[in-house]
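One-letter residues, chain by chain:
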Amino acid sequence: SVDEKNYAYFMETWSNGGKFFPKERISELVSVPIERVSSVDHHEAHAASAFYCSPFQEAVVLTIDGVGEFETATISIGKPSGIEKLFSINYPHSLGLFYSAFTAFLGFEVNEGEYKVMGLAAYGEPIYADQIRGLFRLLPNGGFELDQDYFQFDLPTELPFSSKLVEIFGLPFSPGSSFSFNFDNPTQEVKSACDNLETHYANIAASVQLCTEEMVVHMVQ
């Protein structure tokens, strides 16, 4: 099958220290001339899939994720004549990586557990929003900058945040530990434990969620 041949090609290429040429490989696998194989930038592809599938003839197009090439977010104008990129934010200033750093801090798996952070936020209050706002700066042009002293995005040896983040919020939640929100009929012991531990992390999640929304709204405006 194509998958089996592709896997064998990867294994042979990388084990021999070779380079992978995607256009040549696509041309070979699907039997089309290489001249017909083209590529676009990561965020350009995101913008196109949003705008060209929309019902709008003209629209502002906003893309946000971790990182693609060097861009982490773009703002464009979509028209029938095409998509014109007005502005981009580049690595390491990334809203996606910002959210993932707190995903790891809260004990969840990066690139898998971000939805759990959003869910956990509903159990807390954004009492740490001001502290988190101190980790980034909103720019007049619609962008933002992250204070890199608090994050470790470049090949982190363990976690994508630094000890300075721990100084603010305390120890990160241990992966694999369970949250015990039992508010239907809580005993005083359970309520006290939640107040002292689980609610602390839920409040962090709620604060991260609020600040993330503020950054997105800033970009949209």
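Q: Which residues make up the environment of Gly170, and what are the values?
A: Turning to its location among the elements, Gly170 is positioned in the loop between helix H7 (163–169) and helix H8 (188–220). Overall, the relative accessible area of 26% leaves Gly170 in the partly exposed class. A sequence separation of 30 residues divides Gly170 from His200, and the C-alpha atoms of the two residues are 9.7 Å apart.

Q: If you had to explain unusual backbone geometry to someone new, which residues and values would you point to?
A: Most of the time, phi is negative for any residue but glycine, and the peptide bond is trans. With an omega of 10°, the peptide bond running from Tyr91 to Pro92 counts as cis. Tracing the sequence through the fold places Pro92 in the loop between strand E3 (82–90) and helix H4 (95–105). For Ser31, which is not a glycine, the phi torsion comes out positive at approximately 60°. Looking at the element boundaries, Ser31 is found in the loop between helix H2 (22–30) and helix H3 (42–51). Positive phi values are uncommon outside glycine, yet Glu69 reaches one of about 50°. Take Glu69: it is sitting in the loop between strand E1 (59–68) and strand E2 (71–79).

Q: Residue-level account of the pattern of salt bridges, with values.
A: Under the criterion given, the structure shown has six salt bridges. Two residues, Glu71 and Lys85, come together in a salt bridge whose shortest N-O distance is 2.4 Å. One end of the pair, Glu71, is in strand E2; the other, Lys85, is in strand E3, with 14 residues separating them in the sequence. In this structure Lys85 comes out as partly exposed when scored by relative accessible area, which is 45%. Notably, a salt bridge pairs Arg133 with Glu214, separated by 2.7 Å at the nearest N-O pair. Note that Arg133 is positioned in helix H6 (residues 129–133) and Glu214 in helix H8, a separation of 81 residues in sequence. Look at the salt bridges and you will find they share partners, linking Asp130, Arg133 and Glu214 into a network.

What counts and what doesn't
Residues numbered from 1 in each chain as written. Predicted model: local features only at pLDDT ≥ 70, side-chain atom pairs only at ≥ 80, totals over all residues. Heavy atoms only, no water. Helix = DSSP H or I, 4+ residues; strand = E, 2+ residues; numbered from the N terminus. Buried < 20%, exposed > 50% of the residue type's maximum accessible area, 1.4 Å probe, protein only. Salt bridge = Lys/Arg side-chain N within 4 Å of Asp/Glu carboxyl O.

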